[in-house]
Amino acid sequence: MSPATRRRIGWTVAGTLLLLLAVLLSLALGSRQIPPGEVLDALLHGGSGDNAQVVRALRVPRTVIGVMVGLALAVAGVVMQGITRNPIAEPGVLGVSQGASLGVVCAIAFLGVHTPAGYVWFAFAGAGLAAVAAYAVAGSGRGGASPVKLALAGAAMNAFIASVVSAIVTTDARALDEFRFWDVGSIGGRDGEVVVQTWPFLLGGLLLVAVMARGLDALALGDDVARGLGHRVALVRALGALAATVLTGVAVPHIARALVGADHRWVLALSALLGPVVILVSDVLGRVVFAPSEVPVAVMTALLGVPFLVALVRRKATVPA
């Protein structure tokens, strides 16, 4: 076994242990502090006390959703960086995030949908339509959907969709109130119904990414080299955009790549472990820092991620004159 492989296996094991610790913290900490022993007892042996009810009814669904969200965002970030060859790419590059927002806003304002479980389907539909539109624009003309054209088409799509969302919410106060809660990003108050409705999409997206991991390695070498290795560049990018749309971070893929190298099979695996860790730790901090109030997980994630992103930009900007 080579030193590089041993290092990759070591970091993967470490990532697994960090994820288990994050899950335990998510189940134990909050406005009510529950000893780890009682958490394990509630999970393994049932129990009818108040702490056991809190763990099973409130914190288990919240933790499972946090793991799913972190896994999806981290893997989507790796895929978007691979197909665009952009080290700070994320699903917003193709307008996916704004498309999901538009789907939810339309569901609230025009279709009378007012539950998180109901938002899911419209978010998927909006994200998918936005990604298809951006890819169609980038793919038109000579050269096909190159990384630069994808970035430009995605930026244009983001600006257009954001203006449509603003137009709707500024003329509908109720839609603004509901959308604001959804948009700020929180995994609190969610139940098992959301998990049941979304896990097939998560599984499908992860399987698609696993199949195309070699193609992402080839794209990292350039389009001409990828074609020379027998990969259909346009198909790899289209499948990658589809996978990112279904999964829809930024920071987690960079950490994983720094630890295990450029092989996307290892990067995807470690990102899938570290993504949930970031989400769960952010959620726990949001619960305990200003207890008994809570800070939404998206806010805490942004606060934790900004210093890393600044450091990344400073490092990338250091090039010979």
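Refer to the structure printed above.
Residues numbered from 1 in each chain as written. Predicted model: local features only at pLDDT ≥ 70, side-chain atom pairs only at ≥ 80, totals over all residues. Heavy atoms only, no water.

S.K.: Give a detailed account of the overall build of the protein, specifying residues and quantitative values.
M.R.: Secondary structure assignment for the protein yields 14 helices and 0 strands. For the protein, the sequential pattern of α-helices and β-strands runs α-α-α-α-α-α-α-α-α-α-α-α-α-α. Residue burial in the protein is summarised as follows: out of 321 residues, 43% are buried. When the accessible surface of the protein is split by element, carbon and sulfur atoms take 70% of a total near 15600 Å². (Helix = DSSP H or I, 4+ residues; strand = E, 2+ residues; numbered from the N terminus. Buried < 20%, exposed > 50% of the residue type's maximum accessible area, 1.4 Å probe, protein only. Areas by Shrake-Rupley, 256 points an atom, 1.4 Å probe, with all protein chains shown as cover.)

S.K.: If you had to explain helix α3 (residues 50-84) to someone new, which residues and values would you point to?
M.R.: Taking 1.5 Å of rise per residue, the 35 residues of α3 would be expected to cover 51 Å, and the 50 Å separating its terminal C-alpha atoms lies within 8% of that figure. At R59, α3 shows its largest bend, some 40 degrees, and a proline, P61, comes one to four positions later. Counting buried positions along α3 gives 25 out of 35 residues, so the element sits mostly inside the fold. In the stretch just after α3, R85 is the one whose phi turns positive, near 55 degrees. (Expected span 1.5 Å × (residues − 1). Bend = angle between axes of the 7 residues up to and from the residue.)

S.K.: Describe the nonpolar core, with residues and values.
M.R.: Of all hydrophobic cores here, the largest spans 50 residues; its most connected members are I83 and F179. The greatest single-element share of this core, amounting to 9 residues, is contributed by α3. Of all hydrophobic cores here, the second largest spans 8 residues; its members include A28, V39, A42 and A52. (Core = buried A, V, L, I, M, F, W, Y, C linked by side-chain atoms within 4.5 Å.)

S.K.: Report on helix α4 (residues 96-110), specifying residues and quantitative values.
M.R.: End to end, α4 covers 21 Å across 15 residues, agreeing with the expected 21 Å (1.5 Å per residue, within 8%). Regarding α4, the residues found buried are V96, G99, A100, S101, G103, V104, V105, A107 and I108. Among the residues trailing α4, G112 stands out with phi positive, at a value near 70 degrees.

S.K.: Explain the environment of G128 to me, and be specific about the residues and the numbers.
M.R.: Looking at the secondary structure, you find G128 in helix α5 (residues 116-139). Using a relative accessible area of 22% as the deciding quantity, one classes G128 as partly exposed. With 32 residues separating them along the chain, G128 and V96 place their C-alpha atoms 7.0 Å apart.

S.K.: I'd love a proper account of the pattern of salt bridges, names of residues and values included.
M.R.: Applying the stated criterion across every chain, the model contains 2 salt bridges. With its nearest N and O atoms 3.0 Å apart, the salt bridge here joins R287 to D283. Here R287 and its partner D283 are both found in helix α13 (residues 264-288), 4 residues apart, which amounts to about one turn of the helix. There is no split in this pair, since R287 and D283 are both buried. Because the salt bridges share partners, they merge into one network encompassing R62, D283 and R287. (Salt bridge = Lys/Arg side-chain N within 4 Å of Asp/Glu carboxyl O.)

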